[in-house]
Amino acid sequence: MFQNILLIDKDPAIIDVISIMLKEEGYNVLISQKPFRLEEVKEHTPALILLHHGLSNDGSIICQSIKNCSETKGIPIIMSSTRPDLPILAEINFANAYIQKPFNIDEFLDLIKLSLNS
């Protein structure tokens, strides 16, 4: 498999858990550096981006900047958050999918596979 997945999150514990889980599934996990730079996405050209909405420099802005760039707009983004309005946030920010935290691991992995195959 060895597809690159870029993980953009603020919580080191979440980053560690998701990274381990994805590596066990055969994915190559890239961790976004802080502060986020769109150039990072262009350099790595991930197959998928996992984006936490509640970042200090705003997940909405990050999602929109990725989707508004001709070089990166085709990369699927799964947005995550604990916010109850996540479905609306994902839609207005052009995310391809969303998952509410805390999430079921099997559902999360299924959503990743679905997003990579669409």
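Residues numbered from 1 in each chain as written. Predicted model: local features only at pLDDT ≥ 70, side-chain atom pairs only at ≥ 80, totals over all residues. Heavy atoms only, no water.

## A look at the overall build of the protein chain
Then, in step 1: From N to C terminus, the protein chain includes five helices and five strands.
Then, in step 2: Helices (α) and strands (β) of the protein chain occur, in sequence order from the N terminus, as β-α-β-α-β-α-β-α-β-α.
Then, in step 3: Against the globule reference of 13 Å for 118 residues, the protein chain gives a C-alpha radius of gyration of 13 Å, in line with a compact fold.
Then, in step 4: Buried residues in the protein chain amount to 46% of all 118 residues. (Helix = DSSP H or I, 4+ residues; strand = E, 2+ residues; numbered from the N terminus. Rg over C-alpha atoms; globule rule 2.2 N^0.38 Å. Buried < 20%, exposed > 50% of the residue type's maximum accessible area, 1.4 Å probe, protein only.)

## Structural notes on helix α3 (residues 59-67)
Then, in step 1: Along α3, the residues that are buried comprise Gly-59, Ser-60, Ile-62, Cys-63, Ile-66 and Lys-67. In a view along the axis of α3, the buried residues occupy a sector of 165 degrees, so they form one face of it.
Then, in step 2: At its buried positions, α3 is contacted by β1 (4-8), α2 (38-44), β3 (48-52) and β4 (77-81).
Then, in step 3: N-capping of α3 is provided by Asp-58, with a side-chain oxygen placed 3.0 Å from the backbone N of Ser-60. (Arc of directions from axis to C-beta. Contact = heavy atoms within 4.5 Å. Polar contact = N/O pair within 3.5 Å; in protein donor to acceptor, adjacent residues only side chain to side chain.)

## A look at the nonpolar core
Then, in step 1: Leu-22, Leu-50, Ile-78 and Ile-112 are the most contacted members of the largest nonpolar core, which has 18 residues in total.
Then, in step 2: Residue assignment for this core shows that the elements contributing at least two residues are β1, α1 (12-24), β3, β5 (97-100) and α5 (105-117).
Then, in step 3: Counting residues per element, this core draws most heavily on α5, which supplies five residues.
Then, in step 4: In this view, Ile-78 contacts Leu-48, Ile-49, Leu-50, Leu-51, Ala-97, Tyr-98, Ile-99, Leu-111, Ile-112 and Ser-115; residues no more than four positions away in its chain are not counted.
Then, in step 5: The next biggest cluster of nonpolar side chains, apart from the first, holds 17 residues, and it includes Ile-8, Phe-36, Ile-66 and Ile-75. (Core = buried A, V, L, I, M, F, W, Y, C linked by side-chain atoms within 4.5 Å.)

## Digging into unusual backbone geometry
Then, in step 1: Note that the residue after Lys-101, namely Pro-102, is joined by a cis bond; omega there is -10 degrees.
Then, in step 2: Here Pro-102 shows up in the loop between β5 and α5.
Then, in step 3: Of note in this structure, Thr-45 is not a glycine but carries a positive phi near 35 degrees.
Then, in step 4: Within the secondary structure, Thr-45 is located in the loop between α2 and β3.
Then, in step 5: Of note, the phi angle at Phe-94 is positive, near 70 degrees, even though the residue is not glycine.

## Details of the confidence of the model for the protein chain
Then, in step 1: Of the residues in the protein chain, 97% reach a pLDDT of 70 or more, and the chain-wide mean stands at 92.
Then, in step 2: Here α2 stands out as the element of the protein chain with the lowest mean pLDDT, 92, in contrast to β5, whose mean of 96 is the highest. (pLDDT = per-residue confidence, 0-100.)

## What about the environment of Glu-40?
Then, in step 1: Mapped onto the elements of the fold, Glu-40 is located in helix α2.
Then, in step 2: The exposure class of Glu-40 is buried, given its relative accessible area of 4%.
Then, in step 3: Along the sequence, Glu-40 and Leu-30 sit ten residues apart, while their C-alpha atoms lie 10 Å from each other.
Then, in step 4: When residues no more than four places from it in sequence are discounted, the contact partners of Glu-40 are Ile-31, Ser-32 and Gln-33.
Then, in step 5: In terms of polar contacts, Glu-40 uses its side chain to reach the side chain of Ser-32, at 3.0 Å.

## Some remarks on α1
Then, in step 1: Taking 1.5 Å of rise per residue, the 13 residues of α1 would be expected to cover 18 Å, and the 18 Å separating its terminal C-alpha atoms lies within 8% of that figure.
Then, in step 2: Among the residues of α1, Ile-15, Ile-18, Ser-19, Met-21 and Leu-22 are the ones counted as buried.
Then, in step 3: Lining the buried residues of α1 we find β1, β2 (28-31), β3 and α5.
Then, in step 4: Sitting at the amino-terminal end of α1 is Asp-11, which places a side-chain oxygen 2.9 Å from the backbone nitrogen of Ala-13.
Then, in step 5: Looking one or two residues past α1, Gly-26 carries a phi angle of roughly 95 degrees, positive in sign. (Expected span 1.5 Å × (residues − 1).)

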